[in-house]
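# Breakdown of the fold
Here is how the chains run, residue by residue.
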Amino acid sequence: MDAADTDARTGADARLADFERTIERDQRIEPRDWMPDRYRSTMVRQIAQHAHSEIIGMQPEGAWITRAPSLRRKAILLAKVQDEAGHGLYLYSAAETLGADRPELTARLISGRQKYSSIFNYPTPSFADVGVIGWLVDGAAICNQVPLCRSSYGPYARAMIRICKEESFHQRQGYELLMTLMRGTEAQRRMVQESVDRWWWPSLMMFGPPDAESTHTAQSMAWKIKRHTNDELRQRFVDMTVPQAAALGVTLPDPDLRWNAERGHHDFGEVDWSELKRVISGDGPCNAERIEVRRAAHEDGAWVREAAAAHAAKRARREGEAA
Amino acid sequence: MEPSREWPLYEVFVRGKRGLNHVHVGSLRAADAEMALRNARDLYTRRNEGVSIWVVEAKAITASSPDEKDPFFAPSGDKVYRHPTFYDIPENVPHM
Ligand SMILES: [Fe+2]
Ligand SMILES: [Fe+2]
């Protein structure tokens with residue numbers, strides 16, 4: 001080994017030590033800091049999948065915007081879906097700070113090379129689903145996202161802070177919608193229960209596979225891009241949701257769900273992990289439709305993007321000539 | 001899409017209320033500055049988070065190196081006498 005090699009190696013070691021010390025001190029890694037390639041690629045993947053989830057997540061509820069039963073519900077739902085678009089854009093913006101290319105991320109989503117949350121592959125046949133999604137799906141998202149406000153990657157953590165502030169509105173409007181239905185007719189109450197029956201288990205799946213099978217957890221915890229394991233977060237969600245369900249007057253569809261005084265937590269039944277695997281690998285009820293809608297929106301919008309770029313170029317040229 | 005037709009990246013700065021500086025809040029893509037402003041309003045100020053927005057094309061920004069031990073910041077590192085706490089003043093001297 002010659003002197004130049006040694007220098008290069010000690011330089012790399014010093015940079016890695018700096019990186020690790022920053023994380024150890026609970027400080028944030030910022031875009032132009034040196035970082036290990038695997039940290040960068042893991043962050044890009046995590047942020048991109050999160051962004052895709054927000055964007056695809058507009059579809060199940062968006063389907064109800066034109067059919068919401070009152071102007072109040074329509075305005076609320078429109079604002080909520082618009083927020084989800086915003087969340088996607090904050091996150092694509094964070095991914096770009098790592099050198100990711102935005103059109104490339106969209107291409108990866110549309111071609112199925114990058115995933116999004118399995119929950120958005122379930123259909124929304126009833127208006128109660130809008131309420132249940134706000135309550136359970138946004139509720140589970142909040143559980144997942146609050147710890148990410150302390151992610152070691154600065155731009156991601158900052159996007160998460162902004163997102164978490166907005167998610168609280170999402171959950172509360174959903175719960176309020178359900179309370180209104182529960183005060184209604186017997187048929188409306190049945191509609192809520194039927195929707196809860198469909199969404200409860202898929203919501204538990206949002207926390208990912210059980211810890212024993214989760215592949216990325218150890219490294220992600222060491223890098224502080226994940227703060228709690230999947231099972232810890234799932235437990236927290238169950239414990240938070242049980243009293244909310246009781247207050248609402250609905251039954252969570254799990255015969256094994258009961259308080260365990262010894263553990264200080266609720267015990268609950270085994271999630272059907274084969275269903276999660278199936279839905280993630282593309283075989284959920286709506287996977288094909290979700291991607292098709294996203295592809296169509298992207299392709300149908302191409303002429304608008306091109307026209308806007310041409311207009312901007314023309315204006316810039318004219319301003320140049322006038323100057 | 002050809003690279004030339006791709007919308008440029010704009011960094012967005014928002015003044016939260018009168019009396020505060022503009023603060024960087026994130027970025028977005030837009031065809032031109034005017035569209036960047038409108039999109040920034042819809043993206044970053046949906047809940048009265050701002051009274052004024054700046055957008056700057058990202059490529060127009062010149063930045064220092066992010067390195068913690070960057071010699072660029074060395075000149076201020078050894079000048080403790082720039083801080084008020086550097087000076088010992090007796091306790092009985094008022095208003096200082
Ligand atoms: Fe969201
Ligand atoms: Fe949400």
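The text that follows walks through the structure, step by step, so that each part is easy to find. Each chain carries its own residue numbering, running from 1 in the written order of its sequence. For naming, the first written chain is A and the first written ligand is 1, with later ones following in the order written. In keeping with the predicted nature of the model, local features appear solely for residues at pLDDT of at least 70, side-chain atom pairs appear and are counted solely at 80 or more, and the whole-chain, interface and lining totals rest on all residues. Only hydrogens and water are set aside; all other atoms, that is, all heavy atoms of the structure, feed into the side-chain values.

## Things to note about the coordination of the iron ion (ligand 2)
Residue and element names in this part refer to chain A. At 2.0 to 2.2 Å from the iron ion (ligand 2) lie its protein donor atoms, namely E84 (OE), D138 (OD), E167 (OE) and H170 (ND1). Sites may look incomplete because water is not among the atoms; the donors themselves are N, O and S atoms within 2.8 Å of the metal, or within 3.2 Å for Na, K and Ca. Only two sets of limits are used to name each site, 85 to 135 degrees for every angle of a tetrahedral four-donor site, and over 155 degrees for opposite donors with all other angles from 65 to 115 for a square planar four-donor or octahedral six-donor site, with any other site named irregular. The site at the iron ion (ligand 2) holds four donor atoms, and with the angles between them running 83 to 170°, its shape is irregular. Each donor residue of the iron ion (ligand 2) lies on the same chain, and together they follow the pattern E-x53-D-x28-E-x2-H. Accessibility here uses a 1.4 Å probe with only protein chains present; expressed as a share of the type maximum, an area under 20% marks a residue as buried, one over 50% as exposed, and anything in between as partly exposed. For H170, a relative accessible area of 0% puts it in the buried group.

## Here we look at the coordination of the iron ion (ligand 1)
Residue and element names in this part refer to chain A. Within the protein, the iron ion (ligand 1) binds to E54 (OE), E84 (OE), H87 (ND1) and E167 (OE); these donor distances fall in the range 2.1 to 2.4 Å. Metal-centred angles of 83 to 150° between the four donor atoms at the iron ion (ligand 1) mark the site as irregular. Every donor residue of the iron ion (ligand 1) comes from the same chain, spaced as E-x29-E-x2-H-x79-E. Between the two metal centres, the iron ion (ligand 1) and the iron ion (ligand 2), the spacing is 3.3 Å, with E84 acting as a shared donor. Pair noted here: E54 is in helix 2 (residues 37–56) and E167 is in helix 7 (residues 154–182), with a separation of 113 residues, a long-range link. Numbering of helices and strands starts at the N terminus; helices are DSSP runs of H or I of at least 4 residues and strands are runs of E of at least 2.

## Details of the sheet that holds strand 1 (residues 9–15) of chain B
All names here are of chain B. Ordered by their spatial adjacency, three strands build an open sheet running 2-1-3, and the pairing between neighbours is antiparallel. The outermost strands of the open sheet, each flanked by one partner alone, are strand 2 (22–29) and strand 3 (52–57). Between one strand axis and the next, the sheet turns by 25° as a mean value, whatever way the strands run. As judged from the six bridges shared by strand 1 and strand 3, these two strands associate in the antiparallel manner. Only strands that DSSP links by at least two bridges are regarded as paired with each other. To obtain each axis, a line is fitted to C-alpha atoms, and for helices this fit is confined to the stretch in contact; angles are then taken between N-to-C directions over 0 to 180 degrees.

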